[in-house]
Amino acid sequence: MNEPEARAVRRMQALESQAVADSGWNDADRARASEAARRIVGTSASPQHYIVARAKQVEAMRGAPPRRDLRGWLGTPTALLLVLLLGTASGLAADAAGPGQRIDLLSPPWLALLVWNVLTYLVLVLRGLRPKPVRGDALDRLDAKRIERLLHFGALALALGLCIGLYARGLVLDYRAGWQSTFLDATQVHGLLKVALAPASLISGLQVPDVETIASLRERSSEPPAAAASAALWIHLFALTLLLIVIVPRALLALVSTWRAQRLAGDVPLDLTTPYFQRLAREGAEPGAAVTVAVIPYAIDLDGTGRTALLTALEAAMGGPVRLELSPTLAFGNEDSFALAAPIAASGSAVFVLFSLAATPEREHHGALLSQMGAKLSPARVRGVLIDESTFRQRFAADPQRIEQRRTAWHALLVDHGIAAQFVDLTPASETG
């Protein structure tokens, strides 16, 4: 799907995943959007086509066209123009802030700009040498590419503004060159300028003056100003250096980022394997179909718990009908030998782990089980953790603080694994009466 379709799908997911009573979107609206989408694409359409069609129906039913947010604005010509204008203006301002009609050979703006860009290139090279697998949401990656593009154009514009400022003021003012330093002598300044201006000197044939000439340009506050040399040579060398080290490389990097962003915007690979999209896909192919959910109990005996209560909790978590796949209970301490049953691993179903609040959460056992799951399943399939409070609540009914402390302990364990916890009461029906 392209970027507008992907953003529409994300807006639909956000609307239907939020627990806000006054959102203006209810179950009847959901049903009408689903029916309209099925009429448009048919029940034999691919899940992606159905989901996109449904997202468009949701927006049509909502009425007001979606406002462009900051994410969408990043890729507009307006954003690029604003960055170019701000960058150029900043470069002009940095040049104008210099000392009158004098070019400081150790000027902080142009030296700082060179160092910043060289360090940026080193970081980019190191990142390229250590490629990482593609992760995260596709729209987040698209936004990141667009931010990279704007940063490259911004650095380019800043250097361009400095160059324009140098030449613009040089046309109407008699610039003189000089330098001051508390710690550097003429030999050190000559060596610094020789290295910094080497590319520009090589390309243009303009040579950095010798040490004696550099020494003659030194200015001391205790002495009257010397008859400093014309700054024309230095303006040319500075501007050409910025062109070679900043403007051209940044322009190339900006073009690469633009190309990558455009390619990604044309084909946004959203992850449609999450439970929300699985439910929509089944709904499109077979209205009212249940989503398969696998539950793995750990050190908890389900013989005496209410299966109906478990199904109710799962349907609330999944937002629709559920077909339950219940795995055999894993005994405490067996997490190291954990292996998912073949049907669960191959079915693509959403997976929950069922713990008991009566158990004290332990990283060596409960945490190890979650790590085993993370190594065998994609993050999209690990939907969450169910924690049965029934036994613990019965034991400490008169001490709600104790219950809250145990909840906090479980949250502390699960947050390290990036898994959400849902506390449920699976009291058998025979015990609730």
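For clarity, every value in this text was computed on a predicted model and none was experimentally measured.

Undergrad: Even after reading the chapter, I still don't get the overall build of the protein, so can you show me in this structure?
TA: Assigned secondary structure in the protein consists of 18 helices and seven strands. Each of the 433 residues in the protein was classed as buried or not, and the buried ones make up 42%. Excluding contacts between residues fewer than 6 apart, the proportion of contacts in the protein whose partners are at least 24 apart in sequence is 83%. Summed over its atoms, the accessible surface of the protein is roughly 22,800 Å², and 60% of this surface lies on carbon and sulfur atoms.

Undergrad: I would appreciate a short explanation of the packing of aromatic side chains in the present structure.
TA: Each aromatic ring pair is summarised here by two numbers: the centre-to-centre distance and the angle between the ring planes. Going through the model one piece at a time under the given rule, you end up with seven aromatic pairs. Members of the aromatic cluster, connected to one another through ring pairs, are Tyr 298, Phe 332, Phe 355 and Trp 410. The ring of Phe 423 carries the charged tip of Arg 407 above its face, separated from the ring centre by 4.5 Å.

Undergrad: Where do I start with the nonpolar core in this structure?
TA: For soluble globular proteins, the rule of thumb is that nonpolar side chains tend to be buried together. Judged by nonpolar contacts, the single largest core of 34 residues is most densely connected at Leu 105, Leu 193 and Trp 234. Breaking this core down by element, the ones donating at least two residues are α6 (108-129), α7 (138-172), α8 (186-196) and α11 (232-266). When residues in this core are grouped by element, the largest group, nine residues, is from α11. Excluding anything up to four places from it in sequence, Trp 234 contacts Leu 105, Ala 177, Leu 193, Leu 197, Val 208, Pro 209, Ile 214 and Leu 217. Counting 27 residues, the second-largest nonpolar core is a separate cluster that includes Ala 33, Ala 53, Leu 139 and Val 268.

Undergrad: Can you help me understand unusual backbone geometry in this one?
TA: Negative phi values dominate among residues other than glycine, just as trans dominates among peptide bonds. The phi dihedral of Ala 299 falls on the positive side, at around 50 degrees, and the residue is not glycine. In this fold, Ala 299 is placed in the loop between β3 (291-297) and α13 (307-318).

Undergrad: Would you take a moment to explain the packing of helix α1 (residues 3-17) against helix α3 (residues 47-62) for this structure?
TA: For any two helices packed against each other, the geometry comes down to the angle between their axes and how far apart the axes lie. Remark: α1 packs on α3, axes separated minimally by 9 Å, with the N-to-C direction vectors making an angle of 70 degrees. When the axes of α1 and α3 are compared, the pair comes out roughly perpendicular. Relative to α3, α1 is oriented so that their crossing is left-handed. In this structure, α1 uses Glu 5, Ala 8, Val 9, Arg 11, Met 12, Leu 15 and Glu 16 to contact α3, whose residues at the interface are Ile 51, Val 52, Arg 54, Ala 55, Lys 56, Val 58, Glu 59 and Arg 62.

Undergrad: Would you mind showing me how to read the pairing of strand β5 (residues 350-356) here?
TA: On a regular strand, one side chain projects to one face of the sheet and the next to the other, so that they alternate. Of all the seven residues making up β5, seven are buried; the element is thus mostly covered by neighbouring parts of the structure. Alternating positions in β5 separate into two faces, Ala 350, Phe 352, Leu 354 and Ser 356 on one and Val 351, Val 353 and Phe 355 on the other, with burial throughout. Sheet topology note: the β5/strand β6 (residues 382-388) ladder contains six bridges and is parallel. For Ser 356, the partnering residue across the bridge sits in β6 and is Asp 388.

Undergrad: Would you explain the packing of helix α15 (residues 363-376) against helix α17 (residues 400-415) in this entry?
TA: In contact at an axis separation of 10 Å, α15 and α17 are set at 50 degrees when each is read in the N-to-C sense. With respect to α17, the axis of α15 lies oblique. The two elements α15 and α17 cross, and the hand of that crossing is right-handed. Residues Arg 363, His 366, Gly 367 and Leu 370 of α15 form the contact with α17, whose own contacting residues are Trp 410, Ala 412, Leu 413 and Leu 414. Each residue belonging to the contact of α15 with α17 can be placed in one class, and the counts come to five nonpolar, two polar and one charged.

Undergrad: What's the story with α17 in this structure? I'm lost.
TA: Within an α-helix, residues lying three or four positions from one another point in the same direction, as the helix has 3.6 residues per turn. With 16 residues, α17 should cover 22 Å at 1.5 Å per step; its first-to-last C-alpha distance of 23 Å lies within 8% of that length. Looking at α17, one finds that the buried residues are Ile 403, Arg 406, Trp 410, Leu 413 and Leu 414. The arc enclosing the buried residues of α17, seen along the axis, measures out at 95 degrees, which places them on a common side. Pointing more than 90 degrees away from the buried face of α17 are the exposed residues Gln 401 and Val 415.

Undergrad: What is the right way to read the pattern of salt bridges from this model?
TA: Counting across every chain of the model gives 16 salt bridges. Here Asp 137 makes a salt bridge to Arg 10, at a shortest N to O gap of 2.4 Å. Of the two residues, Asp 137 sits in the loop between α6 and α7 while Arg 10 sits in helix α1, which places them 127 residues apart along the sequence. Here Glu 389 makes a salt bridge to Arg 407, at a shortest N to O gap of 2.5 Å. One end of the pair, Glu 389, is in the loop between β6 and α16 (390-395); the other, Arg 407, is in helix α17, with 18 residues separating them in the sequence. Note on Arg 407: relative accessible area 22%, which makes it partly exposed. Each member of the salt-bridge network shares a partner with another, and the members are Glu 3, Arg 7, Asp 143 and Arg 146.

The rules behind the values
Residues numbered from 1 in each chain as written. Predicted model: local features only at pLDDT ≥ 70, side-chain atom pairs only at ≥ 80, totals over all residues. Heavy atoms only, no water. Helix = DSSP H or I, 4+ residues; strand = E, 2+ residues; numbered from the N terminus. Buried < 20%, exposed > 50% of the residue type's maximum accessible area, 1.4 Å probe, protein only. Contact = heavy atoms within 4.5 Å. Areas by Shrake-Rupley, 256 points an atom, 1.4 Å probe, with all protein chains shown as cover. Phe/Tyr/Trp six-rings, centres within 6.5 Å; stacked < 30°, edge-to-face > 60°. Lys NZ or Arg CZ within 6 Å of the ring centre and 35° of its normal. Core = buried A, V, L, I, M, F, W, Y, C linked by side-chain atoms within 4.5 Å. Axes fitted to C-alpha atoms, helices over the stretch in contact; angles between N-to-C directions. Parallel < 35°, antiparallel > 145°, perpendicular 65-115°, else oblique. Left-handed = near helix turned anticlockwise from the far one by under 90°. Pairing = 2+ DSSP bridges. Nonpolar A, V, L, I, M, F, W, Y, C, P; charged D, E, K, R; others polar. Expected span 1.5 Å × (residues − 1). Arc of directions from axis to C-beta. Salt bridge = Lys/Arg side-chain N within 4 Å of Asp/Glu carboxyl O.

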